[in-house]
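Chain and residue survey
Each chain is listed here by its residues.
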Amino acid sequence: MASSSSYSNPPCAACKFLRRKCLPGCIFAPYFPPEEPQKFANVHKIFGASNVSKLLNEIQPHQREDAVNSLAYEAEARMKDPVYGCVGAISVLQRQVIRLQKELDATNADLMRYANREVSNQMVNNQQRNMNYGRRSSMGAVGGPGIIDQTNYGFCVVPSYNNDNNSPNTWNNPEADDDSM
């Protein structure tokens, strides 16, 4: 009967790798399930089972899962790159972030140039359209005929000069035609 109870509880990946009996209070069991034997094999090869066991016993139980995940990540990175490990992967990712940030900045600059060009083109088109739509009014600013200037901000009456006296300083004002002034 004792043999049937040991088969109902399969050993964790650590105990199976170390070829020992997995006891109910095994420190490795919650973090190295039997379905992930390579996870413990990498951690054991890089850090050693006794070092991992000491580490897990020294830290709080709620921190153990994160610690094991970090050890497993570092061990896998060290297997791929024995010199730099995860630092090499971090460096590659940092360079990629810098390159993508530069690309994003260049794209944003292009977008701003395009947007400014479109706004500038709209302003020129509006000014040309407004110049074409200017009309003469029957009364200028001081009582004479003038041109209504349509801008983006509304209407403005621009008075016309009196061309009878060939003087640019006199307005076309019927009351100013008196020589009494």
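Residues numbered from 1 in each chain as written. Predicted model: local features only at pLDDT ≥ 70, side-chain atom pairs only at ≥ 80, totals over all residues. Heavy atoms only, no water.

Per an unreviewed UniProt entry, the protein goes by the name LOB domain-containing protein and belongs to Datura stramonium.

This part covers the packing of helix H4 (residues 49-58) against helix H5 (residues 61-80). In the contact formed by H4 and H5, the axes pass within 10 Å of each other and the chain directions differ by 150°. By the criterion of interaxial angle, the relationship of H4 to H5 is roughly antiparallel. Considering only the axes of H4 and H5, their crossing is right-handed. Here Val52, Leu55, Leu56 and Asn57 of H4 lie close against H5, whose contacting residues are Arg64, Val68 and Leu71. Split into classes, the residues belonging to the contact of H4 with H5 amount to 5 nonpolar, 1 polar and 1 charged. (Axes fitted to C-alpha atoms, helices over the stretch in contact; angles between N-to-C directions. Helix = DSSP H or I, 4+ residues; strand = E, 2+ residues; numbered from the N terminus. Parallel < 35°, antiparallel > 145°, perpendicular 65-115°, else oblique. Left-handed = near helix turned anticlockwise from the far one by under 90°. Contact = heavy atoms within 4.5 Å. Nonpolar A, V, L, I, M, F, W, Y, C, P; charged D, E, K, R; others polar.)

So, about the UniProt feature "coiled-coil region" (unreviewed entry) in the protein. UniProt's feature table lists "coiled-coil region" (unreviewed entry) at residues 90-117, given in the numbering used throughout. Along residues 90-117 the backbone is 100% helical and 0% strand, and the end-to-end C-alpha distance reaches 40 Å. (UniProt positions renumbered as here; feature names shortened; annotations may be inferred.)

So, about the nonpolar core. In terms of nonpolar packing, the biggest core is built from 19 residues, with Cys12, Phe28, Phe32, Phe40, Val43 and Leu56 touching the most fellow members. Among the elements of the structure, helix H2 (13-18), helix H3 (37-47), H4 and H5 are those that each provide at least two residues to this core. Examining the composition of this core, we find that 4 residues originate from one element, H5, more than from any other. (Core = buried A, V, L, I, M, F, W, Y, C linked by side-chain atoms within 4.5 Å. Buried < 20%, exposed > 50% of the residue type's maximum accessible area, 1.4 Å probe, protein only.)

When H4 is considered as a whole, its buried residues turn out to be Ala49, Val52, Ser53 and Leu56. Down the axis of H4, the smallest arc covering the buried residues is 100°, so these residues share one side. Exposed positions of H4 whose direction lies more than 90 degrees from the buried face are Lys54 and Glu58. In this structure, the buried side of H4 is in contact with H2, H3 and H5. (Arc of directions from axis to C-beta.)

The subject of this paragraph is the side chain of Arg64. Along the chain, Arg64 turns up in helix H5. Look at Arg64: it is buried, it has no salt bridge, and the nearest opposite charge is Glu58 at 10 Å. When neighbours within four sequence positions are excluded, Arg64 is seen to be in contact with Ile27, Tyr31, Leu56, Asn57 and Ile59. (Lys, Arg positive; Asp, Glu negative; His and termini not counted. Salt bridge = Lys/Arg side-chain N within 4 Å of Asp/Glu carboxyl O.)

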